[in-house]
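Geometric and topological summary
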Amino acid sequence: MLRPLTAGDAEPITRACADPEIVRFIPAIPVPYTHDDALRYLESARDVRKAGGAAFAIADPETDEWLGTIDLKPPLPRATAEIGYLVAPWARRRGVATAATSALAGWALEHGVRRLELLAGVENLASQQVAMAAGFRREGVRRGGEEQRDGTRHDLVSFARLPGDSGEPVRPYLPWFPGGSLTDGTVRLRPLTAADTDDYQALQILPDVVRHSVPPEPPSPEDARDRCRSAGAAWLDGTMLQAVIEDASTGAFAGEIQLTGVIPPLGQAMTGYSMRPEFRGRGFATRAVSLLVGWAFEHTSLGRVIAGTAPGNLASQTVLRRAGFTEEAVMRGLMPGPDGTRLDDLQWYRLKDTPPRPGTPGGH
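The sections below set out a description of the structure shown in this document. Because the structure is a prediction, the values reported are computed rather than measured. (Residues numbered from 1 in each chain as written. Predicted model: local features only at pLDDT ≥ 70, side-chain atom pairs only at ≥ 80, totals over all residues. Heavy atoms only, no water.)

**Details of the overall build of the protein chain**
Just so we agree on the cut-off: Strands are runs of DSSP state E lasting at least two residues, helices are runs of H or I lasting at least four, and both sets are numbered from the N terminus onward. Relative accessible area decides the class of each residue, using a 1.4 Å probe on protein chains only: under 20% of the type maximum gives buried, over 50% gives exposed, and in between gives partly exposed. Contacts are assigned to residue pairs that have any heavy atoms within 4.5 Å of one another. Computed by Shrake-Rupley with a 1.4 Å probe, the accessible areas treat only the displayed protein chains as cover when residues are assessed. Charged-residue counts in this description rest on Lys and Arg as positive and Asp and Glu as negative, His and the chain ends being excluded. Taken as the charge location is NZ of Lys, CZ of Arg, CG of Asp or CD of Glu.
Summing up its helical and strand segments, the protein chain has ten helices and 15 strands in all. Taking the principal axes of the C-alpha coordinates as reference, the protein chain spans close to 70 × 45 × 40 Å. When burial is assessed residue by residue, the protein chain has 45% of its 364 residues classed as buried. Considering only contacts in the protein chain between residues 6 or more positions apart, those separated by 24 or more positions represent 61%. By element, 54% of the accessible surface of the protein chain is carried by carbon and sulfur atoms, the whole surface being about 17900 Å². Separation of charge centres in the protein chain, based on 40 positive and 45 negative side chains, amounts to 3 Å.

Here's what the structure looks like:
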């Protein structure tokens with residue numbers, strides 16, 4: 001239930017705003033957050049309403065308990081408004097944010113708002129999923145769109161909903177791994193995150209990894225950080241899946257694997273992978289490819305996964321053969337090489353009905 005905010009909401013607002021997740025993703029919230037801060041927020045909510053916006057408490061419809069807040073910033077030029085919300089930690093994972101966002105969005109679009117925007121931090125995957133579940137479509141990334149407490153600026157993912165949109169949930173083309181990871185008992189695949197930045201950077205600057213990268217250049221520390229930080233958002237957007245390959249017995253970072261070049265109308269994507277030297281020659285890459293491609297064929301509409309190797313990269317070719325891929329063609333001069341040169345690319349494919357070879361991970 002959306003209802004007016006009251007003075008009685010100040011106490012639960014104060015408790016909620018001490019939550020580390022709220023502090024992390026809403027840099028404007030004072031730390032520590034006091035009862036006086038909550039009273040000032042209630043006053044500012046009244047100002048929002050006077051300026052033509054809206055601010056509500058999200059409440060339990062039976063008990064009237066405060067569960068969060070949601071607001072509509074006053075309409076901007078051309079009847080554009082921005083929606084924002086905060087949900088208490090004790091009310092999460094109940095669909096509260098999605099229900100409140102859907103309700104307020106529908107009301108706003110019926111009352112003259114012609115474009116409704118929603119912005120979420122690039123690492124705030126929960127908020128991005130709320131936007132999609134409430135019928136908002138992703139439009140792009142605002143680089144450096146939000147200043148953090150330390151003075152740095154982080155990207156914001158931009159969503160919007162228009163009056164003509166259905167409001168139905170936007171389903172991600174690439175769902176999350178069931179239970180958060182995939183494993184065959186020897187390797188484990190899990191999403192790449194900002195916490196993996198150092199390991200990811202160390203892997204990507206290895207000379208033999210750089211040689212087979214596109215382009216063949218090592219990423220800067222800033223590029224590696226941004227790639228890890230935005231990996232989850234790219235996964236939700238369906239443009240790229242990046243996963244860490246772990247040693248299932250120790251949890252050690254063994255490598256990384258991707259699904260990229262995703263083309264939904266064709267039902268096609270490309271896979272690529274890199275392994276740390278100490279984990280090579282142990283079948284980890286073959287297991288990782290088999291796990292990821294098997295998951296993709298079972299949980300998405302992909303019907304074809306391709307890969308490319310340098311003609312002389314026999315180790316990677318062995319991985320692909322063992323994972324059920326078939327050599328398809330040599331593409332002359334496809335890949336950029338050093339100093340403006342062009343390199344050949346040996347292309348491989350696996351179709352949905354092609355199983356891994358017998359005797360390999362995933363085979364029989």
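**As for the environment of Val330**
Checked against the element boundaries, Val330 lands in strand β14 (residues 326–336). Between the alpha carbons of Val330 and Ala310 there is a distance of 9.4 Å; along the sequence they are 20 residues apart. Here Val330 is in contact with Asp344, Asp345 and Leu346, once residues within four sequence places are set aside.

**A look at the pairing of β14**
For a regular strand, the rule is simple: side chains alternate between the two faces of the sheet. Our working rule: Pairing between strands requires that DSSP locate at least two bridges from one strand to the other.
Judged from the seven bridges that link them, β14 and strand β15 (residues 342–351) form a sheet pairing that is antiparallel. Along β15, the bridge assignment pairs Ala329 with Gln347. In sequence, β14 turns back onto β15 through a hairpin of five residues, with Asp339 there showing a positive phi of about 55°.

**So, the environment of Ser290**
Among the secondary structure elements, Ser290 is positioned in helix α9 (residues 284–299). The class of Ser290 is buried, set by a relative accessible area of 10%. In this structure, the C-alpha to C-alpha distance between Ser290 and Arg322, residues 32 residues apart in sequence, is 8.6 Å.

**As for the side chain of Asp165**
By secondary structure assignment, the location of Asp165 is in the loop between β7 (153–161) and β8 (182–183). Setting aside anything within four residues of it in sequence, one finds Asp165 in contact with Arg137 and Ala160.

**Some remarks on the packing of helix α5 (residues 125–133) against helix α8 (residues 221–237)**
Keep this limit in mind: Only C-alpha atoms enter the line fits that serve as axes; for helices the fit covers just the stretch in contact. Angles between N-to-C directions range over 0 to 180 degrees. These descriptions rest on fixed angle ranges, namely under 35 degrees for roughly parallel, over 145 for roughly antiparallel, 65 to 115 for roughly perpendicular, and the rest for oblique. Crossings are classed by handedness, with left-handed meaning an anticlockwise turn of the near helix from the far one by less than a right angle and right-handed meaning a clockwise turn. Here the nonpolar group is Ala, Val, Leu, Ile, Met, Phe, Trp, Tyr, Cys and Pro; Asp, Glu, Lys and Arg are the charged ones; every other residue, Gly included, is treated as polar.
Packing of α5 against α8 leaves a shortest axis separation of 10 Å and a crossing angle of 20°. With respect to their mutual orientation, α5 and α8 come out roughly parallel. In this structure, α5 meets α8 at a crossing whose hand is right-handed. Residues Leu125, Gln128, Gln129 and Met132 of α5 lie in contact with α8, whose contacting residues are Gly232, Ala233 and Leu236. Looking at side-chain class alone, the contact of α5 with α8 contains four nonpolar, three polar and no charged residues.

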